[in-house]
Amino acid sequence: MLKTPAHDHNDDPRRLWTVSANTSDRGLSAMSLVPQAKITIPQVPSKMVVRTTLRADLDTAGCADVTLVCAPAGYGKTMLLADWADTSTGSDTAWVSLDRDDNDPQRLWTSVTAALAACPSVPPDSRLHIPRTWQPSTQPEFLAELTDALTQLPHPVTLILDDVHELHDPIALHGLHTLLRNRPTGLQLILSSRFDPPLSLPRLRLTGRLHELRADRLRFSPTETATLLERSGLNLTPAQVDTLHQRTGGWAAGLRLAALALTRTTNPDTFLNQFSGNDNSVADYLTGEILSALPEDTREFLRVISVSDPVPARLAAMLTGREDAGSLLDHLAHHTSLLTPTTPTRDTYRIQELLRTYLTADLHRQGPTRATDLHTTATRWWADHNQPINALEHATRSHNPALLTELLHRYALPLILTGDHRPLRRALSNLGAHTTATDPHLALISALAHLEAGDLPATRADLRHARKHRTDHDTPELAALHTAVEQLAAPAQEPPPTTATDISEATDLDTLSAEPPLEALAHLARGTALLQHDNPAEARTELDAALDLAHRHGFDYLTMQCHVLLAVIARTSGEVRTMLVRSNEAISATSRHGWRPSTWSATATTLTAHAALLRADPPRAQRLAAETLAHDPGLLTPPLRLALHTIHGAATYDQGHRANGLTELQQARTELGKHPINAEHAATAAILEFHAALQLGHTTAARTVYNWFTERTHHNAEQLLMRAWTESAAGRHDHARAILRPALDATTPALLPHTHIDTWLLETTLAVTADERPTARRALRTALALAEPLDALRPFTHAGPKVRELLVHQLGSFGPTETFAQQALNAGTHNENAHTTLSERELTVLELLPSMLSLDEIATDLTVSVNTVKSHVRSIYTKLGVSSRRTAVLSAHETGLLTSRPG
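Residues numbered from 1 in each chain as written. Predicted model: local features only at pLDDT ≥ 70, side-chain atom pairs only at ≥ 80, totals over all residues. Heavy atoms only, no water.

Novice: Just to check I follow, could you spell out the overall build of the protein chain for this structure?
Specialist: On a plain count of helices and strands, the protein chain comes out with 48 helices and 8 strands. Principal-axis analysis of the C-alpha atoms gives the protein chain an extent of 125 × 95 × 50 Å. Taking all 903 residues of the protein chain together, 53% fall into the buried category. Within the protein chain, counting contacts between residues at least 6 apart in sequence, those at least 24 apart form 68% of the total. (Helix = DSSP H or I, 4+ residues; strand = E, 2+ residues; numbered from the N terminus. Buried < 20%, exposed > 50% of the residue type's maximum accessible area, 1.4 Å probe, protein only. Contact = heavy atoms within 4.5 Å.)

Novice: Sorry, what's going on with the packing of aromatic side chains here?
Specialist: The description of two aromatic rings rests on the distance between their centres and on the angle between their planes. Under the definition given, this model contains 8 aromatic pairs. Taking the centre distance of 5.1 Å and the plane angle of 90° together, the rings of Trp381 and Trp382 count as edge-to-face. Here the two residues Trp381 and Trp382 agree in accessibility, since each one is buried. Among the aromatic residues, ring-to-ring pairing joins Tyr75, Trp251 and Tyr285 into one connected group. (Phe/Tyr/Trp six-rings, centres within 6.5 Å; stacked < 30°, edge-to-face > 60°.)

Novice: What am I meant to see in the sheet that holds strand E7 (residues 339–341) here?
Specialist: Spatially, the 3 strands line up as an open sheet ordered E6-E8-E7, and their pairing is antiparallel. Of all the strands in the sheet, the pair left with one neighbour each is strand E6 (311–312) and E7. (Pairing = 2+ DSSP bridges.)

Novice: Honestly, the pattern of salt bridges in this entry has me stumped. Any pointers?
Specialist: Close approach of charged atoms lets side chains of opposite charge pair. Evaluated as defined, the whole model comprises 43 salt bridges. Among the ionic pairs, Glu296 bridges to Arg303, the shortest N-O distance being 3.8 Å. Classification of Glu296 by relative accessible area gives partly exposed; the value is 43%. Its salt-bridge partner being Asp309, residue Arg350 comes within 2.9 Å of it at the nearest N-O pair. (Salt bridge = Lys/Arg side-chain N within 4 Å of Asp/Glu carboxyl O.)

Novice: Please explain the nonpolar core as it appears in this structure.
Specialist: Soluble globular proteins tend to bury their nonpolar side chains together. Among the nonpolar cores identified, the biggest contains 104 residues, and Leu780, Phe796 and Leu807 are the most heavily contacted of them. When residues of this core are assigned to their parent elements, the largest contribution, 10 residues, is made by helix H35 (residues 679–695). Once residues lying within four places of it in the same chain are set aside, the contact partners of Leu780 are Leu761, Thr764, Phe796, Val803, Leu806, Leu807 and Phe814. In this structure, Val307, Ala466, Ala489 and Trp600 belong to the second largest nonpolar core, which totals 72 residues. (Core = buried A, V, L, I, M, F, W, Y, C linked by side-chain atoms within 4.5 Å.)

Novice: Any chance you could explain helix H34 (residues 658–672) here in plain terms?
Specialist: Think of an α-helix as turning once every 3.6 residues; residues three or four places apart then point the same way. The end-to-end C-alpha distance of H34, which contains 15 residues, comes to 22 Å, matching closely the 21 Å that a straight helix rising 1.5 Å per residue would cover. The elements touched by buried residues of H34 are helix H33 (638–654), H35 and helix H36 (699–712). Just downstream of H34, Gly673 is the residue with a positive phi angle, here 60°. (Expected span 1.5 Å × (residues − 1).)

Novice: Mind showing me how you'd approach the environment of Asp654 here?
Specialist: Among the secondary structure elements, Asp654 is positioned in helix H33. Relative accessible area serves as the criterion here: at 13%, Asp654 is assigned to the buried category. Here the alpha-carbon distance between Asp654 and Arg794, two residues 140 residues apart in the chain, equals 9.0 Å. For Asp654, the side chain forms a polar contact with the side chain of His798, separated by 2.9 Å. (Polar contact = N/O pair within 3.5 Å; in protein donor to acceptor, adjacent residues only side chain to side chain.)

Novice: Please clarify how H36 should be interpreted in this entry.
Specialist: In this model, H36 (14 residues) spans 20 Å end to end at C-alpha, consistent with the 20 Å of a helix rising 1.5 Å per residue. Ala701, Ala702, Val705, Tyr706, Trp708 and Phe709 are the residues of H36 that are buried. Viewed along the axis of H36, the buried residues span an arc of 160°, placing them on a single side of the element. Seen from the open side of H36, the exposed residues pointing more than 90 degrees away from its buried face are Thr700 and Glu711. Contacts from the buried residues of H36 go to H34, H35 and helix H37 (717–729). (Arc of directions from axis to C-beta.)

Novice: Is there a simple way to explain unusual backbone geometry in this structure?
Specialist: Residues apart from glycine generally show negative phi values, whereas peptide bonds are mostly found in trans. Each neighbour pair has its own omega, and for Asp309 with Pro310 the value is 5°, a cis peptide bond. With respect to the helices and strands, Pro310 occurs in the loop between helix H14 (296–305) and E6. Positive phi outside glycine occurs at Asp534, with the angle close to 60°. Looking at Asp534, the relative accessible area reads 61%, which means it is exposed. You will see that Ala616, though not glycine, has its phi angle at about 60°, which is positive. Residue placement: Ala616 occurs in the loop between helix H31 (599–614) and helix H32 (618–629). Under the relative-accessibility criterion, Ala616 is labelled partly exposed at 23%.

Novice: Even after reading the chapter, I still don't get the sheet that holds strand E4 (residues 187–193), so can you show me in this structure?
Specialist: Strand pairing within a sheet occurs via backbone hydrogen bonds; the two strands may be parallel or antiparallel. Strand order across the open sheet formed by 5 strands is E2-E3-E4-E1-E5, with parallel pairing between neighbours. A strand with exactly one partner marks an edge of an open sheet, and here the two such strands are strand E2 (92–97) and strand E5 (210–214). Taking each pair of neighbouring strands and ignoring which way they run, the sheet shows an average axis angle of 15°. The pairing of strand E1 (residues 66–70) with E4 spans 5 bridges and is classified as parallel. Within E4, the residue paired with Thr67 across the bridge is Ile190. (Axes fitted to C-alpha atoms, helices over the stretch in contact; angles between N-to-C directions.)

Novice: Is there a simple way to explain the side chain of Ser111 in this structure?
Specialist: For Ser111, the position within the fold is in helix H4 (residues 105–117). With residues up to four places along the chain from it excluded, the contact list for Ser111 reads Val34, Lys38, Ile39, Val96 and Asp102.

Novice: Hey, could you run me through the pairing of E2 in this one?
Specialist: Sheet faces and side chains relate simply in a regular strand, where the side chains alternate between the two faces. In terms of burial, E2 is largely enclosed, as 5 of its 6 residues are buried. With 6 bridges joining them, E2 and strand E3 (residues 157–162) adopt parallel strand pairing. Bridge pairing in E3 links Ser97 to Asp162.

Novice: Could you clarify how one ought to interpret the confidence of the model for the protein chain in this entry?
Specialist: Low pLDDT marks regions whose predicted coordinates should not be analysed in detail. A residue-level look at the protein chain finds 91% of positions with pLDDT of 70 or above and a mean pLDDT of 88. Averaged pLDDT values for the elements of the protein chain fall to 39 in helix H1 (residues 21–32) and rise to 97 in helix H15 (residues 313–320). Counting interchain partners and residues more than four positions distant, the pLDDT-below-50 stretch residues 1–31 has 55 contacts. Within the model, pLDDT remains below 50 along residues 829–836, and this stretch shows 8 contacts once partners closer than five positions in the same chain are excluded. (pLDDT = per-residue confidence, 0-100.)

Novice: What exactly am I supposed to notice about the packing of helix H18 (residues 368–384) against helix H20 (residues 401–418) here?
Specialist: Between two packed helices, both the angle of their axes relative to each other and the distance between the axes serve to describe the pair. At a minimum axis separation of 12 Å, H18 and H20 run at an interaxial angle of 15°. Viewed along their axes, H18 and H20 adopt a mutual orientation that is roughly parallel. Viewed along their axes, H18 and H20 form a crossing whose handedness is left-handed. Counted together, Thr376, Thr379, Arg380 and Ala383 of H18 and Leu403, Glu406, Leu407, Arg410 and Tyr411 of H20 form the full contact between these two elements. Partitioning the contact of H18 with H20 into residue classes produces 4 nonpolar, 2 polar and 3 charged. (Parallel < 35°, antiparallel > 145°, perpendicular 65-115°, else oblique. Left-handed = near helix turned anticlockwise from the far one by under 90°. Nonpolar A, V, L, I, M, F, W, Y, C, P; charged D, E, K, R; others polar.)

Novice: Can you help me understand the side chain of Thr225 in this one?
Specialist: Relative to the helices and strands, Thr225 is located in helix H9 (residues 222–231). In this structure Thr225 comes out as buried when scored by relative accessible area, which is 0%. Discounting chain neighbours no more than four positions away, the residues touching Thr225 are Phe220, Val241, His245 and Leu255.

Novice: Honestly, the environment of Pro105 in this entry has me stumped. Any pointers?
Specialist: Residue placement: Pro105 occurs in helix H4. Overall, Pro105 belongs to the buried group, its relative accessible area being 9%. Pro105 sits 62 residues away from Leu167 along the chain, and the two C-alpha atoms are 9.8 Å apart.

Novice: Looking at this structure, I do not really get the packing of helix H39 (residues 755–769) against helix H40 (residues 773–790). What am I missing?
Specialist: Between H39 and H40, whose axes approach to 8 Å, the crossing angle comes to 160°. One way to sum up the angle between H39 and H40 is to call them roughly antiparallel. Crossing geometry of H39 relative to H40 is assigned as left-handed. Between H39 and H40, the contacting residues are His756, Ile757, Trp760, Leu761, Glu763, Thr764, Ala767 and Val768 on the first element and Arg773, Thr775, Ala776, Ala779, Leu780, Thr782, Ala783, Leu786, Ala787 and Leu790 on the second. By residue class, the composition of the contact of H39 with H40 is 12 nonpolar, 4 polar and 2 charged.

Take a look at the structure:
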């Protein structure tokens, strides 16, 4: 309540502020009748979610004359401002909670003056404390006096008017507009409203005097949603929180109503799946707080357009028959925030999700045929504008099988190639299994969709239906589609139905130039078939053609598929860097588009994981393999599963868990069973398992995997390498070199590019053993030259001490592979404990041991006595378990104590 100064107001010459006895009584009475709650900042609940970002936004809004917080009911406007007012330190805050009674200007300005006068910084002699009576005829002078009184205040004041949408009286609004226009410097105005008040906001916006916080900013973020639900006593999973956030669109009231209902349910998933604007508590709030304030024709407009999400202005016009649909959408978006524009041109809008679902349910209550007719209209409109996903969604809801079938024939294959599989699968499911099975075109599309989802039994069933209805009268396009799908699904069939020759003769691609999706699919299918039949050169040509079409027509999923297959070809030909580029392109595309994991993405990740293993990065290889193995098992073919378990096992082995690693390698091969596998996959698994078994002394286990490998492949360099490793381990070095010779001179081909590296490294070891140092050096240089373009460091970590010793002694003489030689020397597992056992001075001495300096020269360099250096050297030898300077240097490189090039 405002205080009244003690002096006699009748002596004040300012007549608007000084009132006669009877008017003074009326004024004092009016001032006394302002409820304290009306001008008190609302109390913030203890469990309220603090909106830190919005707090900061309001803090920085002081440079504007006016801040407008505008959003529909339930967006937390009042609580946001109350929280900010409680924590703000910039100025005093006056608060007025407006209601419909404030359309009486006397009540309005009495409340405003009372709130301002209650601010602690307002001095006792301020004219704001003087009671007054408002008269319509004196409003301009009254507001001028109010402005002048505010100007005289010693400190800034913030005036918050909450629920400004309650004001509609022209005189009251004109008074507020006058205050905005003549705002004193020390006054910041914050208006909270459900829609834009008629206060010349465009002019304020144009001159930079308006700061706005609207529904898009007031929506709860996923993190804030999780916090609100947690503080409501709910323990939901991240997926459940995400579902509720999407259903409510971050609308605070919707979240609170849902939280309240969730506390009473025993099955959160069922509740969340069914939660919508038609829920009783939500529907009551929407009708009572939002829709009831709108005219009936506006409610009907919203009801009709609710069938489409999003809703373009031109579609709204077609659905409602209103030529002014565009302007009405813009008006509703701007003045009520019930709709949000989704494009910069403001020609497409979205209705708040819970409101939209309520309106849709309300539309269905008026009769089912009305909703289906609107969906049919929307289907045609979206199809005419070449928007297949939206068209299919509406066709599904139109309950018109003929219309849905028409659209699937037109759009299904492009959707496969763009990666929009979910709406396609929904449409096929809605159409029904019988309709799909009896239509060969749809059966083939269904086979592709099931193939991409990893459902191989369903893929085979779809192909059986397609074959059953295939005739000699099929169009060339249907025949080409059938051939392409058969080839792409070949790995899912037992046995594959055709060969590479069949497909090259079956499809004349010149006839498909008018059908880019079908032409692109045919190139992909031919490339896949040629690759499966060991013809990588021609496969690359077909896949390059498919990739070109994919780029030109926006077939993003096809682009990803081509990158994966071209990465496989690059790996086969030893183009590791190209393989990594292709694989990373595929993985990035999968992530960027939000596609679910697939056999394609699993293949790309497997290639990347194997490259990490070869690069002597076992932690990364292990992580990638584990993540991919955690995917849906249906997405991993038996060869892929073998490859991933092999990589994971080898990475485990390389990180020091050798027994566990070997066991996983053996289990991976055993689980493969009799599934067919190509020679490269077999060679990769066999080489890794064989070498691990041999290094651990398990010769019987090594012989088992060797026999397994020879049963699946013809004579190759990998078989020779395994035999030579066995002979070398048994001490029969001459025999080992004799076995290895055909692999060294390339008379026996290798299945894997890096096999040649292992071959030349074994020759290096054997040559050193035979004291043929020049031969050993040549073999080591050859191994480095082969390994460098493959970035293959792992073979050097398993080559043994003789190779590493030779690397140490030959550093500086490797020419173009010098940098890679240093990397090869530094690769492998470092003994981190060695760093703690050597003192700082011992490490300094150790760094000088690879140089040509004598101990006397080292002592001079370090400005210590030679006896001190000798003492450090003896300590180094003891801690490293060596007996010479040369072996100390070698051990230091092997443990990672020395990583720079010796001088």
